[in-house]
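# Structure at a glance
Spelled out from the first residue to the last, the chains are:
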Amino acid sequence: AEEPKSLPDYAAWKERSALIVHSANTMETQRGAIGSGVITPSDHLFVRNNLPPPPASVTMDPDAWEIRFEGVNNPKTMTVGELKSMGVTTVAAVLQCSGNGRAFFPHGASGTQWSVGAAGCVMWTGVPLRDVIQALGGAVDGARYVTGTGGETLPDGLDPASIMVERSIPTRALDSAMLAWALNDEPLPRTHGGPLRLVVPGYYGVNNVKYVKKIAMTDKQTGAKIQASGYRVRDVGMKGAPDQPSMWEMNVKSWVTAPLQSSQPGRNLIYGVALGGAVGLEAVEVSIDGGKTWKTARFLGPDLGPYAWRPFVLATDLPSGSYRIVSRATDVNGNRQPEGRVDNERGYGHNGWSDHGVTVAVG
Ligand code: MSS
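Please read these numbers as outputs of a predicted model, since none were measured by experiment.

Conventions adopted
- Residues numbered from 1 in each chain as written.
- Predicted model: local features only at pLDDT ≥ 70, side-chain atom pairs only at ≥ 80, totals over all residues.
- Heavy atoms only, no water.
- Helix = DSSP H or I, 4+ residues; strand = E, 2+ residues; numbered from the N terminus.
- Rg over C-alpha atoms; globule rule 2.2 N^0.38 Å.
- Buried < 20%, exposed > 50% of the residue type's maximum accessible area, 1.4 Å probe, protein only.
- Contact = heavy atoms within 4.5 Å.
- Areas by Shrake-Rupley, 256 points an atom, 1.4 Å probe, with all protein chains shown as cover.
- Lys, Arg positive; Asp, Glu negative; His and termini not counted.
- Charge placed at Lys NZ, Arg CZ, Asp CG, Glu CD.
- Near = heavy atom within 4 Å.
- Polar contact = N/O pair within 3.5 Å; in protein donor to acceptor, adjacent residues only side chain to side chain.
- Nonpolar A, V, L, I, M, F, W, Y, C, P; charged D, E, K, R; others polar.
- Phe/Tyr/Trp six-rings, centres within 6.5 Å; stacked < 30°, edge-to-face > 60°.
- Domains from an automatic or database assignment.
- Buried area = accessible area lost by both parts, 1.4 Å probe.
- Salt bridge = Lys/Arg side-chain N within 4 Å of Asp/Glu carboxyl O.

A few words on the overall build of the protein chain. Each helix and strand counted, the protein chain has 4 helices and 22 strands in total. The C-alpha radius of gyration computed for the protein chain amounts to 21 Å, which stays within 12% of the reference 21 Å derived for 363 residues, consistent with globular compactness. Principal-axis analysis of the C-alpha atoms gives the protein chain an extent of 65 × 40 × 40 Å. Taken across its 363 residues, the protein chain has 53% of its residues classed as buried. Across the protein chain, every contact between residues at least 6 apart in sequence was considered, and the portion connecting residues at least 24 apart equals 70%. In the form shown here, the protein chain has an accessible surface area of approximately 15,000 Å², with 50% of it arising from carbon and sulfur atoms. Averaging the coordinates of the 34 positive side-chain charges in the protein chain and doing the same for the 34 negative ones gives two points 4 Å apart.

Turning to the site of the ligand, a few remarks are in order. Near the ligand there are 22 residues, and of these N50, C97, E152, H192 and K210 occur at the shortest range. The backbone of N50 places a nitrogen or oxygen atom 2.6 Å from an oxygen atom of the ligand. Note that an oxygen atom of the ligand is positioned 2.8 Å from one of the side-chain N or O atoms of R197. Of the residues in the shell around the ligand, the class split is 10 nonpolar, 8 polar and 4 charged.

A word on the packing of aromatic side chains. Geometry of an aromatic ring pair is reported as the spacing of the ring centres plus the angle between the planes. Inspection of the entire model under this criterion finds 5 aromatic pairs. Seen in terms of ring centroids, F46 and W114 are 6.1 Å apart; in terms of plane orientation they differ by 80 degrees. Their pairing is edge-to-face. Placement of F46 in the loop between β2 (26-29) and β3 (47-48) and of W114 in the loop between β6 (89-96) and β7 (119-128) is noted, with a sequence separation of 68 residues between them. Residue F46 is classed as buried on the basis of its relative accessible area, which comes to 5%. Judged by centre distance (5.5 Å) and plane angle (15 degrees), the ring pair of Y231 and Y348 falls under stacked. In this pair, Y231 is assigned in the loop between α4 (225-228) and β14 (253-258) and Y348 in the loop between β21 (321-331) and β22 (358-362), connecting sequence segments 117 residues apart. Overall, Y348 belongs to the buried group, its relative accessible area being 5%.

We now examine the domain arrangement of the protein chain. Each domain of the protein chain was delimited in the assignment, giving domain 1 (9-228) and domain 2 (253-362). Tallying the contact residues gives 35 residues for domain 1 and 31 residues for domain 2. Looking at the side of domain 1 facing domain 2, the largest losses of area belong to R31, V38 and F105, adding up to 24% of the total buried there. Here domain 1 is connected to domain 2 by 0 salt bridges. Linking domain 1 with domain 2 are 11 residue pairs in polar contact (both at pLDDT 80 or more). Secondary structure elements with two or more residues in the side of domain 1 that touches domain 2: β6 and β7. Across the side of domain 1 that touches domain 2, the residue classes break down as 17 nonpolar, 16 polar and 2 charged.

In this section: unusual backbone geometry. Note that the residue after G194, namely P195, is joined by a cis bond; omega there is 10 degrees. A cis amide bond links A258 with the next residue in sequence, P259, at an omega value of -10 degrees. As for its placement among the helices and strands, P259 is situated in the loop between β14 and β15 (262-263). Positive phi is not limited to glycine here, since Y211 has a value of about 40 degrees.

Here is the structure:
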C-alpha cells in the first residue's frame, strides 16, 4: 500500500484528517469532511498550486506587500496598508478548481484526480477592485480584460510565459472582483494567497490569483500559457488554444455529502451542498433511485448571497437495500445540472449529476 502523504510545510496548519493529499501542491477536502455548514473552515479548504508558493516571509508584514496597477489613467504601486484605507467589503464565495470532478471522466483526463473536494465556501474580506480602478482614474480606453499576476519567484532558465500564473478575465468580472487580505476573518494565509489575493466570486479557482503583485487593465488576454492554452475547454485529444472557451464563470452544481457508504434503515437525513456558480440557486432536488424520481430538498442555514453555496438536507425513509443517491441543482436563471458530462480533454467544469452520486448500503 502507498504511504499516506504528509502535508507540505506551507500547509502544515491544515487538518490532515479532513484532506486527501494528492501531492505537495494539491490537497482536496474529504467528501465526508465537507459537513453541513455554510462556511468551510480554513483548515479544511482545498489547496492547489501550479508553482511552489513564495517564501513564508511574504506574510510577515502583510501591509507592506506591494501591488502595481497598470492600464489605468494614473498607474501606481500601492501597499496592502493603503488598500485597507480605500474601502472594504466581505463576501461569501465558493472557491472551486476548474478540474473539480476530473476523476469522473472515463477518458482519464490528465491532471490532479479531484473528486468533489476541490471546492469550499469561504468569507473573503478586501476592497472591491472596481473602487481601486476608479480611484486610479479609471481604466484606459479599450480595456476589455483585468489581468492579474501572481507573486511567485519563477525558476531561472525557463520562459516566464510558460510557467507564470497570470490570468485575464473579462471586465464584467469587476461586478464581483476584489483584492482580499482576509479569509474567514483572519489574515489571509500564504497557503491561500496571502498577503493579497485577487478574488473573483463566481469564477473558477484559477482566476483567483494568489500573492497578486500586479493588476493591469488590458485590451488583450495575457499570452501566459496558463491563459493562452491552459484552462481551455476542448474535445478529448485536442490541444489548448486561445479560441476555445476559458474557465471563467462557474456552472450550477451540487453533490451529496452524507450518507456516503452505509446507513441504518429508517429515517435518514441526506445532506449535500449546492452552488449556482455565478448566480444564485433556485432549488435542489434529491433522488434515492438514481434519478428516476426526485424530491425537493430544503436549504439549510442562511443564504449568504449568490456566490455562496447552500447546504441542503432531505429527510427520507430508507428501508434496507442499496440506494443510488444523486442531487440536482437549478440556478435562478433556470439552468439545471445535466445528467451526463461534457467530455473534454482536461476534465474541466464537470457538473453532471449522475457521476457525482453515491451508492449507499442501508441495513
Ligand atoms: N495563484 C497563484 N499565484 N499561483 C497558483 O498556482 N493556482 C490557481 C489559483 N490561484 C494558483 C493561483 C488554481 S488553479 C486554483 S484552483 C486556486 O488558486 C486554488 O486556490 P487555493 O487557495 O484553494 O489553493 Mo484550479 O482552477
